[in-house]
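Residues per chain are reported as follows:
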Amino acid sequence: MQETDFLKGNQRVLNDIKKFEIFEPFQDDELHHLMSMSKIRKYGAGEIIFEQGSSDTWLYFLVYGKVRLMKDNRPVAQLQRRGDVFGEMGAIECAPRSAAAVAFGETVCLATDIYYIEQLTGTDKLAFGYVIYRVFSGVLADRLRRTTDELLELRGRSIKIW
């Protein structure tokens, strides 16, 4: 993995991430806060971004490439859209990661250490926390909706158990 320093004050990166649909609810000052907690990480094909069972407070936004999420060495999902979020459950719950993330080809992510949200104070903490958790809730609602659709589709099929 190659990694930048924290991106505080990096206007070029800020302008790029403003284009991600997921960051539409953020104001410029909130994006500046996000940059101060973030690094750009570049991974090679097959490189592990994080392991199942590991613990940390990093959240990832896909800049380009593909990420395969693996649970018990079985593929669960593949992310490939700019701005796709992953790693949020471990970051939110401060619990061991329930799946691994692996770069599928050359992949670049914006990695954000949400531990720093706790370091903010006053209205900054409230405003930024509100926006980022609103983003999380949208991501999780979308995933739950897709999982429900898949479950309903599977219930309509006869499943043989060997």
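Residues numbered from 1 in each chain as written. Predicted model: local features only at pLDDT ≥ 70, side-chain atom pairs only at ≥ 80, totals over all residues. Heavy atoms only, no water.

Novice: What is the right way to look at the side chain of R41 in this model?
Specialist: Its place among the elements puts R41 in strand β2 (residues 38-43). A residue is classified by how much of its surface remains accessible, and R41, at 9% relative accessible area, is buried. A distance of 2.5 Å separates polar atoms of two side chains, one belonging to R41 and the other to E3. Within polar-contact distance, the side chain of R41 engages the side chain of Y60 at 3.0 Å. Beyond its immediate chain neighbours, meaning those up to four positions away, R41 contacts M1, Q2, E3, W58, Y60, T107, V108, C109 and A111. (Helix = DSSP H or I, 4+ residues; strand = E, 2+ residues; numbered from the N terminus. Buried < 20%, exposed > 50% of the residue type's maximum accessible area, 1.4 Å probe, protein only. Polar contact = N/O pair within 3.5 Å; in protein donor to acceptor, adjacent residues only side chain to side chain. Contact = heavy atoms within 4.5 Å.)

Novice: In this structure, what is going on with the pairing of strand β5 (residues 67-71)? I would like to understand it.
Specialist: Here is the key point about a regular strand: its side chains alternate between the two faces of the sheet. Alignment of β5 against strand β6 (residues 74-79), held across five bridges, turns out to be antiparallel. Bridge pairing in β6 places R68 opposite Q78. Between β5 and β6, which pair antiparallel and follow one another directly, the connecting turn spans two residues, one of which, D72, has a positive phi of 50 degrees. Here β5 runs beside strand β8 (residues 100-103); their pairing, made up of four bridges, is antiparallel. Of the residues in β8, the one forming a bridge with L69 is A101. (Pairing = 2+ DSSP bridges.)

That is the geometry; function is a separate question.
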